Amino acid sequence: MALNDSRATARPSRTAVSLTWLAVTAIVCAGGAAGATALFYSLTPAAAGATCAGGATAGNLSLTDDLGRCVTVPFDPARVAVLSPSIMDTVYRLGLRAHVVAVDCYATALGGLYDDYSSDQVALWNLTPSMCVQVAPVFTLEDLANATPDLVLASTIVSQTAVAQIGSVLGLPVVMLQPPDLEGILRDVTLLAEIFGVATNATILNSQLSVELANASAARATFSTTPSVLVTYSVDSNGYWTYGAGTFGTSLVTLAGATSISATNSNPYPELPAETVLADNPAIVVYGTGFGLNESYYTTAPDWSSLPAVQGGHVYGIDSNYLTEPDPSMILDGLPALLAIFHP
Amino acid sequence: MDPRGPTDPAPRRSYRWLWLLVAGLPGLAFVSPLFGPTAIPAGVVLQVLGHELTGGLLFPNPCAGASLPDSCSTYFVIVWQIRVPAVLLAIGVGAALGISGGTLQGLFRNPLADPFLLGISSGGTLGAVIVFVFFIGSPQVTAALPLFAFAGALATGLVMLAVARSRVGSVETLLLAGVGLSSLLSSIVAFLLIYNRQASTQITDWLLGSVAGGTWPEVGITFLVLLAVSFLLLLHSRELNLIQLGNDVAQSVGVDPSRVRVRLILLASLATATAVAFAGIIGFVGLVAPHVIRRLVAVDYRAVLAGSLVVGAVFLLAAWDIDLFFAELPIGIFTAFVGVPFFLAILFRRSERSTMGGG
Amino acid sequence: MTGDEPLALEVRDLVVRFGSRAALVGVSFRVRAGEFVALVGPNGSGKTTLLRTALGFLQPSEGHARIFGDRVEELTPLERARRVAWVPQDEPMRDNVPLLDYVAYGRYAHRGMLEGESVGDRRLALRLLDEVGLGARAADGVLSVSGGERQRAILARALAQEPRLLLLDEPTTHLDIGHQLDLLGRVRALSRSRGVTVVAALHDLNLAARFAGRLVVLSHGRRVADGPPTEVLSEDLLARVWGVSADLERDRRTGLPYLVPHQITVTAPRTFPSPFVGPVHVVGGGGAAAPILRGLSEQGYRVTAGALHLLDSDAEVAEALGIPSAIESPFAPLGPEVRVQHRTLLAAARAIVIAPFAVGPSNLANLEDLLPYVSQVPTLLVRLPPIAERDFTGGRAEAIVAELRAAGARNVDDLTGVLAALRAELAVSPSAAGVPPPAPA
């Protein structure tokens, strides 16, 4: 009977198929897991910190960067890619501009060079669009490859995924420079000087920085009052974006002899509602300029004109770069500017 | 009552389109490495491709001669280590999203279903965000990102699987549970990102989707998973055809709908999670690819699944090429740019034909 | 298989509950191989639940169903599908799948996962399509064919499973009378030629009596009667189970019983006879004319109707309103006698209204007979729903309607349009004829 025949043949093949199905699924999962694990280890850089002996061997140098990674770099590389405006400032002040072959940029369609660098910086450092390495919104590895650097200096504006690819695909050493505090800026100066063998320049620069920091400390001891300050870098209809605890903006304000009303906010970049600002009643308002922002932009903030500081004319603009970019300029230019505002 | 229901005078479909796409894919894949931010002579690109693809047998290494001594090795790296993996990743990810979309649209009998319907994107995003929030700065981040994104995406898929297996797991319940879970995960992501600005800047390109960072190991894993999953999914195309007739009919013909559902969700999640792990969130491909096939080729799921695979691959590759023409932006932005006009054209083609009476 | 053939379907002490409500309360019966059994009963009596339980879609809380000796829940979905197939009321089709593919879907249970459809499968599908009269339309999509054809395709798909038991759940609900007869006739013929046992839930008692060898009557989830139609159907049973008082008559050709319900409630009795307005003739069928008949009567028009089938709801309304009509016995094509009667009524009419009725081969003559009269008296053609949607004659009805239009028939949208047009055409307003204007709707 035809019915029974087809049943007899279909049944075992179906069982076999179910087993095949299970087996293939198991293999896929196992393969996927194995592959992922292999990828994990192949992309994991060498263990950090403790084992990084330091010192130079045959034109190379091993050092520990700001993220605790041990990196082996060529000594005094001729071609270097600088993927952060703050590092560019240090490199320039150490007299290393001639080594720079590439800098970080935003997508050309979205501002390019000028999204990351002010026009003053572009002019001063003689940056050109041909040096662009697109770091955002997508990191373009090809730009970097085409610049053929020997060394890449980067901050965390370059995603960690991209950093790993620079190493794994292009085989280039990447030194991450992301100082955790003001002291870290001086350490990075030393680190860079070590790579390029410009110890003298570093000593001079670091002494300038130390003098500026010491001056500020000394001045602070003489101030009878520390004014309360609102430092804002952006506003919207809800309130004021500002710096919280542990940020360079807050440290700098404290060092300049004032107290930021958001100094103890646990969120590093909190938005203060307008009513909080009114209640805290800062004596001085400092707003960030640059990238097209000026005072008229900040007057759109809620209750701007009700602030006593605004009514009293205690409103000052300062280049945002001084507050956010952890580089020598922050100490040499930003700190004196804030001191002049708080204690004229 | 009109016994025929809403009539669809069937626009003329033909497999010609499918073969056209199948033939177009390798061609497009071959010219794609010609584009990029760096101007590299086409001859060099083709020589590199020829040299590597033939294992160095047919074409000599273009950098061995003295003609292009300096930049040549750079070009070699750019073409073979950067451009080709990106192109292949676009193909693999597009194919994975396409076939997942076809599967889920069939499974849910819903033309708006896409690979992210089950909360898979939100799950993957949460995985990625967790990496950046809790492991930022640790050297393991890079390797952990795809692993966590994959785990998050797959875990969400498995939760939905549990819903599907439960007694209440009707198609509607599953859809609603997916939407609900998706919202919950998105809220958690938003919450974590608000408190971690550094993480949010790191994750932008991931959220918008990108194949730019494709590497050979990623390409290898993607294609391995794709191969296995597609094979298994295609085995289920007849069940999908029957599920279109409703659960009861499918059951009466011998399909075990709940079992099929579990398998298909597992497979689609696996494919989507892999795509998400390496390329982030790329929308629209999985939604559109099945429709293209259903409109142009056939409504039979044997064709829909195989076709979605090809259309997804061609579509994402085309988006990638156009992306390169403009600037290298997240590719997720371009899928909609490329997709919507094309999609509308197909929709209008259909209504034009229905006024003609079709045939 | 040892000794005697196992029962095709055995249902024992079946109890199925939906929450606290019991849909089936201890139903038992047996179906021998080769039988054609109709499950009948009023809406909600448990017919569908019984079939779904027999198919294993529902789990009974007590009792069980066996298919050819095995309990249905113990069969794998594939084993079950090779024994029993299902023809639902309708299928939620979204895709315009070619009929041949669609029928071949039924081969699923006979194919392993790695096997595709074989040539044999396609051949079987094609043969089945031939057998249900769709051989020439194998390449057409399921959404492109008419309701009757689609239902036949569903039948062919079920038969492609090569089942030994076929369960049909009100398969004729969406069909007009001609297609109802056609489909069940084919089921009966195919079940005989292929030795398939048939259990069909049917709500139309006349159809059930005509085709099934045995009726199982369900009421409130219980089996209340079981046996050949001639024994089971009684006026008493109809009153008890359906709450309908009806006359049970015998078809003069087949000798089978058919019932004529006569308890029709009419909300608006004829109160304003209007001797001034000559008869308005309404052509209808299948309930399409009922609102028009009522509306015209209420407005005081003298109304005639035709040609209707006896069990048709239009015929019932006409009878209840005392409207003279040309009536044919149920299911039959319009015979010469009735057509003569119909033409007499048409000849006497001052105006003709063509209701939007479904046109099949059995009542196409209704339209054909109209042609000579359209040019003589005002004729109103109720336009909606469009003729294309209710033409089951392969376009012939549509062609005749076009001819009628050409001959002077006027399109109107609905009853309101009919009334307005009649008022204008006959130049007699109901109020002028002593009838108060209708209350605002």
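Rules used in this analysis
Residues numbered from 1 in each chain as written. Chains lettered and ligands numbered in written order. Predicted model: local features only at pLDDT ≥ 70, side-chain atom pairs only at ≥ 80, totals over all residues. Heavy atoms only, no water. Helix = DSSP H or I, 4+ residues; strand = E, 2+ residues; numbered from the N terminus. Rg over C-alpha atoms; globule rule 2.2 N^0.38 Å. Buried < 20%, exposed > 50% of the residue type's maximum accessible area, 1.4 Å probe, protein only. Areas by Shrake-Rupley, 256 points an atom, 1.4 Å probe, with all protein chains shown as cover. Lys, Arg positive; Asp, Glu negative; His and termini not counted. Charge placed at Lys NZ, Arg CZ, Asp CG, Glu CD. Contact = heavy atoms within 4.5 Å. Salt bridge = Lys/Arg side-chain N within 4 Å of Asp/Glu carboxyl O. Pairing = 2+ DSSP bridges. Domains from an automatic or database assignment. Buried area = accessible area lost by both parts, 1.4 Å probe. Polar contact = N/O pair within 3.5 Å; in protein donor to acceptor, adjacent residues only side chain to side chain. Axes fitted to C-alpha atoms, helices over the stretch in contact; angles between N-to-C directions. Left-handed = near helix turned anticlockwise from the far one by under 90°. Nonpolar A, V, L, I, M, F, W, Y, C, P; charged D, E, K, R; others polar. Phe/Tyr/Trp six-rings, centres within 6.5 Å; stacked < 30°, edge-to-face > 60°. Lys NZ or Arg CZ within 6 Å of the ring centre and 35° of its normal. Expected span 1.5 Å × (residues − 1). Bend = angle between axes of the 7 residues up to and from the residue. Disulfide = S-S within 2.5 Å.

**Student:** What is the right way to look at the overall build of chain C in this model?
**Tutor:** Broken down by element type, chain C carries 16 helices and 18 strands. Rg of the C-alpha trace for chain C: 25 Å, near the compact-globule value of 22 Å for 441 residues, within the 12% margin. Burial status across chain C gives 56% buried among its 441 residues. Accessible surface, chain C: about 17,800 Å² in total, of which carbon and sulfur atoms supply 51%. Counting 47 positive and 50 negative side-chain charges, chain C places the averaged centre of each group 1 Å from the other.

**Student:** So what exactly am I meant to see when it comes to the side chain of T156 of chain A here?
**Tutor:** Within the element layout of this structure, T156 of chain A appears in the loop between β7 (151–154) and α6 (160–168). Exposure remark for T156 of chain A: the relative accessible area of 16% places this residue in the buried category. Apart from residues no more than four positions distant in its own chain, T156 of chain A is found in contact with M176 and Q178 of chain A together with Q198 and Q202 of chain B.

**Student:** How do you make sense of the pattern of salt bridges when you look at a structure like this?
**Tutor:** Two side chains that carry opposite charge are able to pair once their charged atoms sit near each other. Enumeration over the complete set of coordinates arrives at 33 salt bridges over all chains. With its nearest N and O atoms 2.7 Å apart, the salt bridge here joins R52 of chain C to D248 of chain B. Taken together, the positions of R52 of chain C in helix α1 (residues 47–54) and D248 of chain B in helix α10 (residues 247–253) put the pair across two chains. For R383 of chain C, the salt bridge goes to D413 of chain C, with nearest N and O atoms at 2.6 Å. Of this pair, R383 of chain C sits in the loop between β17 (379–382) and α15 (396–406) while D413 of chain C sits in the loop between β18 (410–412) and α16 (415–426), and the two are 30 residues apart along the sequence. Given a relative accessible area of 36%, R383 of chain C falls into the partly exposed group.

**Student:** I would appreciate a short explanation of the pairing of strand β9 (residues 228–236) of chain A in the present structure.
**Tutor:** Consecutive residues of a regular strand have side chains that alternate between opposite faces of the sheet. Residues and elements named next belong to chain A. β9 sits mainly inside the fold: seven of its nine residues count as buried. Strand direction decides the pairing type here: β9 and strand β11 (residues 259–260), joined by two bridges, are parallel. Looking across to β11, one finds that S228 is bridged to T259. Relative to strand β13 (residues 284–289), β9 is paired through four bridges, and the arrangement is parallel. Residue pairing for β13: L230 is matched across the bridge by V285.

**Student:** I keep staring at the domain arrangement of chain C and nothing clicks. Help me out?
**Tutor:** One frequent convention defines the size of an interface as the accessible area lost when the parts assemble. All names here are of chain C. Domain boundaries assigned for chain C yield domain 1 (9–93 + 161–258) and domain 2 (280–426). Computed from C-alpha coordinates alone, the two centres of domain 1 and domain 2 are separated by 35 Å. Listed as interface residues are ten residues of domain 1 and, on the opposing side, eight residues of domain 2. Of the roughly 920 Å² buried between domain 1 and domain 2 on both sides combined, carbon and sulfur atoms contribute 68%. Its largest share of buried area at the contact with domain 2, domain 1 owes to D176, I177 and Y258, together 41% of the area lost on that side. Between the two partners, domain 1 and domain 2, sit zero salt bridges. Where domain 1 packs against domain 2, one counts zero residue pairs in polar contact (both at pLDDT 80 or more).

**Student:** Can you walk me through the packing of helix α5 (residues 141–165) of chain B against helix α6 (residues 171–194) of chain B in this structure?
**Tutor:** Describing two packed helices takes the angle between their axes plus the distance from one axis to the other. Residues and elements named next belong to chain B. Where α5 contacts α6, the two axes come as close as 10 Å, and the packing angle between them is 150°. Seen from above, α5 lies across α6 with right-handed handedness. Facing T156, V159, M160, V163 and A164 of α5, the residues of α6 in contact are L174, A177, G178, L181 and L185. Along the lines of polarity and charge, the residues of the contact of α5 with α6 split into eight nonpolar, two polar and no charged.

**Student:** How do you make sense of the sheet that holds strand β8 (residues 197–201) of chain C when you look at a structure like this?
**Tutor:** Note on sheets: strands pair through backbone hydrogen bonds, and any given pair is parallel or antiparallel. Residue and element names in this part refer to chain C. Taken together, the six strands give an open sheet; going across it, the order is β6-β7-β8-β3-β9-β10, and neighbouring strands pair in mixed fashion. The two strands at the open ends of the sheet, each matched to only one other strand, are β6 (84–87) and β10 (222–227). Here the strands of the sheet are splayed against their neighbours by 15° on average, with no regard to which way each runs. Looking at chain direction, strand β7 (residues 165–169) and β8 are connected through five bridges and run parallel.

**Student:** Is there a simple way to explain the environment of L309 of chain B in this structure?
**Tutor:** Residue and element names in this part refer to chain B. Relative to the elements of secondary structure, L309 occurs in helix α13 (residues 301–326). For the pair L309 and R294, spaced 15 residues apart in sequence, the C-alpha to C-alpha distance is 13 Å. The contacts of L309, once residues within four sequence positions are left out, are A95, G98, I99, L226 and S230.

**Student:** Looking at this model, I keep getting lost on the packing of aromatic side chains. Mind explaining?
**Tutor:** Any two aromatic rings considered together are summarised by their centre-to-centre distance and by the angle between their planes. For the structure shown, the criterion picks out twelve aromatic pairs over all chains. For the ring pair Y297 of chain A and Y298 of chain A, a centre distance of 5.0 Å and an interplane angle of 80° mean the geometry is edge-to-face. Accessibility expressed as a relative area gives 0% for Y298 of chain A, which makes it buried. Put simply, the rings of Y240, Y287, Y297, Y298 and W304 of chain A pair up and form one aromatic cluster. Lying over the aromatic face of F68 of chain C, R164 of chain C brings its terminal NZ or CZ to 4.3 Å of the ring centre.

**Student:** What am I meant to see in the sheet that holds strand β8 (residues 174–176) of chain A here?
**Tutor:** All names here are of chain A. Spatially, β6-β5-β4-β7-β8 is the arrangement adopted by the five strands of the open sheet, whose pairing is parallel. Each of the sheet's edge strands pairs with one partner strand only, and the pair in question is β6 (132–136) and β8. Along the sheet, successive strands turn relative to each other by an average axial angle of 25°, direction set aside. Direction of pairing for strand β4 (residues 80–83) relative to strand β5 (residues 100–106): parallel, over a ladder of three bridges. The residue bridging V80 from the neighbouring strand is V100, located in β5.

**Student:** I'm lost on helix α1 (residues 16–31) of chain B in this one. Help?
**Tutor:** Quick reminder: α-helices carry 3.6 residues per turn. Residues three or four places apart thus point the same way. All names here are of chain B. With 16 residues, α1 extends 23 Å between its outermost C-alpha atoms, agreeing within 8% with the 22 Å of an ideal straight helix rising 1.5 Å per residue. Along α1, the sharpest change in direction is near 25° and occurs at G24; proline P26 comes one to four residues later. Listed in full, the buried residues belonging to α1 are L18, L25 and A29.

**Student:** Looking at this structure, how should I read helix α14 (residues 328–342) of chain A?
**Tutor:** Residue and element names in this part refer to chain A. The terminal C-alpha atoms of α14 lie 21 Å apart, and with 15 residues this matches the ideal 21 Å at 1.5 Å per residue to within 8%. The sharpest bend along α14 comes to roughly 35°, located at G334, with the proline P336 sitting one to four residues further on. In terms of burial, α14 is largely enclosed, as eleven of its 15 residues are buried. Every buried residue belonging to α14 is among P328, S329, M330, I331, L332, G334, L335, L338, L339, I341 and F342, and all of these are buried.

**Student:** Teacher, can you tell me more about the state of the cysteines here?
**Tutor:** What makes a disulfide is a covalent bond joining the sulfur atoms belonging to two cysteines. All names here are of chain A. One pass over the full model with this rule turns up one disulfide over all chains. Two residues, C105 and C132, share a disulfide whose sulfurs are 1.9 Å apart. Since a negative S-S torsion denotes a left-handed disulfide, the C105-C132 link at about -75° is left-handed. Taken together, the positions of C105 in strand β5 and C132 in strand β6 put the pair 27 residues apart, joining distant regions of the chain.

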